Amino acid sequence: MVLASLFSALQRFGLMCVVEPAWYVYDDGSSKRPDLTVFKGDTAIVTDLVISCDPENALKEKIEKHSEAVRDKNHVFVPIAMDIWGNVHDSVFTFLRKCFDGLPKELARLATLQTVRGLTEAWLSGSAAMLNGLSKARSASDVDVEDFGTRAFNPTLLSTAQRLSQARFALS
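Keep in mind the model is a prediction, meaning the values are calculated, not measured. (Residues numbered from 1 in each chain as written. Predicted model: local features only at pLDDT ≥ 70, side-chain atom pairs only at ≥ 80, totals over all residues. Heavy atoms only, no water.)

Turning our eyes to something else, we now look at helix α3 (residues 90-100). By the burial criterion, the buried members of α3 are Ser91, Val92, Phe95, Leu96, Cys99 and Phe100. For α3, the angular spread of the buried residues around the axis is 155°, confining them to a single face. Opposite the buried face of α3, at more than 90 degrees from it, the exposed residues are Asp90 and Arg97. One or two steps after α3, the chain reaches glycine 102, where phi turns positive at roughly 100°. (Buried < 20%, exposed > 50% of the residue type's maximum accessible area, 1.4 Å probe, protein only. Helix = DSSP H or I, 4+ residues; strand = E, 2+ residues; numbered from the N terminus. Arc of directions from axis to C-beta.)

This is how it looks when you write it as structure tokens:
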């Protein structure tokens, strides 16, 4: 949901994007793919989005994973992150500055604000959908944690996410 929101926002502001491009070649022969390549004139800006409880380390892992393959194509790699609570990391603004550079100042500001809002709303919708599935479980043992991309059931995360979900519905 978050990646789809980013893709949509960038296209809305006139940027050509490709989701999960397969043209990057990795030394280990694997078929890894960054999430998005944005074409802006002669420049290609590549990103890989991560949502993590430790965005700083997750970004380092993304750089290690993709930077060489992206650099080999003379493209620019800017990984982006959100934390598991929906906070947008500074890397998102760095990426968006590169994407919207050249737009009139006020339009670039509007594009950035609308894109970040869309990312946050997409994260919130995804969290609400996850909670809806969790709320139908009768106990923690009924939860298939692999379906939610987590390694273990976390009651603290669940209660926080439930509060966020309730807040979303109260605002709508």
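All right, on to the state of the cysteines then. Counting across every chain of the model gives 0 disulfides. The closest cysteine sulfur to the non-disulfide-bonded cysteine 17 is located on cysteine 99, 7.2 Å from its own sulfur. (Disulfide = S-S within 2.5 Å.)

This part is about the packing of aromatic side chains. In total, this model carries 3 aromatic pairs according to the counting rule given. Ring pairs connect the aromatic residues Trp23, Tyr24 and Phe39, which therefore count as one cluster. (Phe/Tyr/Trp six-rings, centres within 6.5 Å; stacked < 30°, edge-to-face > 60°.)

In this section: the side chain of lysine 62. Tracing the backbone through its elements, the reader meets lysine 62 in helix α2 (residues 55-72). Residue contacts for lysine 62: discarding those within four places in its chain leaves Asp48, Leu49, Val50, Ser67, Phe77 and Pro79. (Contact = heavy atoms within 4.5 Å.)

Our next topic: the environment of alanine 69. For alanine 69, the location among the structural elements is in helix α2. Setting aside its immediate chain neighbours within four residues, alanine 69 contacts Tyr24, Val25 and Tyr26.

What the 4 strands build is an open sheet, ordered β1-β2-β3-β5; its pairing is mixed. Of all strands in the sheet, those with a lone pairing partner are β1 (16-19) and β5 (76-77), marking the two edges. Note that strand β3 (residues 43-47) and β5 share 2 bridges and pair parallel. By the bridge assignment for β5, isoleucine 45 is matched with valine 76. (Pairing = 2+ DSSP bridges.)

We now examine the side chain of histidine 66. Mapped onto the elements, histidine 66 comes out in helix α2. The exposure class assigned to histidine 66 is buried, which follows from its relative accessible area of 0%. When neighbours within four sequence positions are excluded, histidine 66 is seen to be in contact with Tyr26, Lys32, Arg33, Pro34, Asp48 and Phe77.

To continue, consider the confidence of the model for the protein chain. Residues of the protein chain with pLDDT of at least 70 account for 75%, and the chain-wide mean is 83. Within the model, pLDDT remains below 50 along residues 145-157, and this stretch shows 15 contacts once partners closer than five positions in the same chain are excluded. (pLDDT = per-residue confidence, 0-100.)

Tracing the sequence through the fold places alanine 108 in helix α4 (residues 105-135). C-alpha of alanine 108 to C-alpha of leucine 96: the two residues are 12 residues apart in sequence and 8.8 Å apart in space. Alanine 108 has contacts with Phe100 and Leu103, leaving out every residue within four places of it along the chain.

Below, the discussion takes up unusual backbone geometry. Despite not being glycine, glutamate 20 has its phi angle at roughly 45°, a positive value. In this fold, glutamate 20 is placed in the loop between β1 and β2 (36-40). Although it is not a glycine, asparagine 74 sits at a positive phi angle of roughly 60°. Turning to its location among the elements, asparagine 74 is positioned in the loop between α2 and β5.

The next subject is the pairing of strand β6 (residues 80-83). Here β6 shows no split at all, with Ile80 and Met82 on one side and Ala81 and Asp83 on the other all buried. Where strand β4 (residues 49-52) meets β6, 4 bridges bridge the pair, whose relative direction is parallel. Note that in β6 the partner of isoleucine 51 across the bridge is methionine 82.

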